[in-house]
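Coordinate analysis (summary)
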Amino acid sequence: MTAAPTPSHFDTAARDWDQRPMSQQLAAVPPRLLAHLPLAPTDHVLDFGAGTGLLATQMAPLVAQVTALDMSGAMLQVLADKGFANITPHQGDIFAGLPGRYHAIVSCMALHHVADTAALMQAFADALHPGGRVALVDLYEEDGSFHGDNEAKGVHHFGFAPQALQALAERAGLQGVAFTEILRMQHRNGREYPLFLMTARKH
Ligand SMILES: C[S@@+](CC[C@H](N)C(=O)[O-])C[C@H]1O[C@@H](n2cnc3c(N)ncnc32)[C@H](O)[C@@H]1O
């Protein structure tokens, strides 16, 4: 008999994910991100680390197709239950290969869960059509106090320095890299954590 895979932190958290105070603050992100991302009704968008669909559900009415990629089946099940006909959940690790090519790749709070950021930027660039865009949201550099239990939550980076991320994106073939602060998260520990939006496009 094959052992069932160990549930990830996200599998365990999926059912109540949208009710978390953090998720409720993050609800401000999609309209702000969309203001920086030109989309066409024929576009196919990839939401990397889509979770329960914070971004995917806001993109879906605007484009032809959204692929919601996530390793957590439980997170994707919560998204599937929302019943969007043009969102295709795809369970898997981005490094196992992507099921298509995209006009845009978006992501919210997933980059810091991937150890190899250079490889991630390359995977994004490789999966974009020429002229395709990325719009990526994550934490600016922090001291590790945002998640607290970093190991248990699969945190590989305590946020990112824009210059370092820009260098990796450019090395992967992305250009026009720009950063803007998109949100300041109010943490229950009493501190504020700024989030960036990074935009760029493939040559
Ligand atoms: C903090 S959650 C963010 C979910 C959603 N974007 C949001 O903002 O509510 C990060 C998600 O990224 C997924 N993830 C992390 N590493 C991944 C990888 N290598 N490939 C696919 N998904 C990944 C996790 O399973 C998790 O659901």
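Shown above is the structure to which this text applies.
Conventions we followed
- Residues numbered from 1 in each chain as written.
- Predicted model: local features only at pLDDT ≥ 70, side-chain atom pairs only at ≥ 80, totals over all residues.
- Heavy atoms only, no water.
- Buried < 20%, exposed > 50% of the residue type's maximum accessible area, 1.4 Å probe, protein only.
- Helix = DSSP H or I, 4+ residues; strand = E, 2+ residues; numbered from the N terminus.
- Arc of directions from axis to C-beta.
- Contact = heavy atoms within 4.5 Å.
- Axes fitted to C-alpha atoms, helices over the stretch in contact; angles between N-to-C directions.
- Parallel < 35°, antiparallel > 145°, perpendicular 65-115°, else oblique.
- Left-handed = near helix turned anticlockwise from the far one by under 90°.
- Nonpolar A, V, L, I, M, F, W, Y, C, P; charged D, E, K, R; others polar.
- Near = heavy atom within 4 Å.
- Polar contact = N/O pair within 3.5 Å; in protein donor to acceptor, adjacent residues only side chain to side chain.
- Areas by Shrake-Rupley, 256 points an atom, 1.4 Å probe, with all protein chains shown as cover.
- Phe/Tyr/Trp six-rings, centres within 6.5 Å; stacked < 30°, edge-to-face > 60°.
- Lys NZ or Arg CZ within 6 Å of the ring centre and 35° of its normal.
- Pairing = 2+ DSSP bridges.
- Salt bridge = Lys/Arg side-chain N within 4 Å of Asp/Glu carboxyl O.

Residues M75, L76 and L79 constitute the buried set of helix α5 (residues 73–80). For α5, the angular spread of the buried residues around the axis is 95°, confining them to a single face. Buried residues along α5 sit in contact with α1 (9–13), α4 (56–59), β2 (65–70) and β3 (87–91).

Attention shifts here to the environment of M59. On the secondary structure map, M59 appears in helix α4. A relative accessible area of 0% places M59 in the buried class. On a C-alpha basis, the gap between M59 and V106 in space is 9.6 Å, while along the polypeptide they are 47 residues apart.

For the pair helix α6 (residues 117–127) and helix α7 (residues 162–171), the least separation of the axes is 8 Å and the interaxial angle reads 45°. By the angle class used here, α6 and α7 are oblique. Our pair here, α6 against α7, has a crossing hand that is right-handed. In this structure, α6 contributes T117, A118, M121 and Q122 to the contact, and α7 contributes L165, L168, A169 and R171. Considered class by class, the residues forming the contact of α6 with α7 number 5 nonpolar, 2 polar and 1 charged.

In the vicinity of the ligand, 18 residues are found, and the nearest of them are W17, G49, D70, D93 and C108. In the model, a nitrogen atom of the ligand is placed 3.2 Å from a nitrogen or oxygen of the I94 main chain. When the free accessible area of the ligand is taken as 610 Å², the share hidden by the protein chains comes to 95%. Grouping the constituent residues of the shell around the ligand by class yields 11 nonpolar, 5 polar and 2 charged.

Moving on: the packing of aromatic side chains. Using the criterion set out here, one finds 6 aromatic pairs in the structure. Taking the centre distance of 5.6 Å and the plane angle of 70° together, the rings of F48 and F124 count as edge-to-face. Taken together, the positions of F48 in strand β1 (residues 44–48) and F124 in helix α6 put the pair 76 residues apart, joining distant regions of the chain. Residue F48 shares its accessibility class with F124, and that shared class is buried. Here Y140 and F196 contribute two aromatic rings whose centre-to-centre distance is 5.4 Å and whose plane-to-plane angle is 70°, an arrangement assigned as edge-to-face. Here Y140, found in the loop between β5 (128–139) and α7, pairs with F196, found in strand β7 (residues 192–202); they are 56 residues apart in sequence, far enough to count as distant. Residue classification places F196 among the buried residues on the basis of a relative accessible area of 0%. Its guanidinium or amino end placed over the ring of W17, R20 lies 3.6 Å from that ring's centre, counting from NZ or CZ.

Next up on the list: the sheet that holds β3. With mixed pairing, 7 strands are arranged side by side in an open sheet as β3-β2-β1-β4-β5-β7-β6. The open sheet terminates on both sides in strands that have one partner only, identified here as β3 and β6 (174–186). Each strand of the sheet is rotated relative to its neighbour by a mean of 15°, with strand direction disregarded. The sheet contact formed by β2 and β3 spans 5 bridges and is parallel.

Before going further, it helps to examine unusual backbone geometry. The phi torsion at M109 lies on the positive side, around 60°, for a residue other than glycine. Take M109: it is sitting in the loop between β4 (102–108) and α6.

This next bit is on the pattern of salt bridges. By the definition in use, this model includes 5 salt bridges. The shortest N-O distance in the salt bridge between E181 and R184 comes to 3.0 Å. Judged by relative accessible area, which is 40%, E181 ranks as partly exposed. You can call R184 partly exposed: its relative accessible area is 39%. In this structure, the salt-bridge partner of E192 is R184, at a minimum N-O distance of 3.1 Å. One salt-bridge network, held together by shared partners, links E181, R184 and E192.

Geometric values such as these leave the question of function open.
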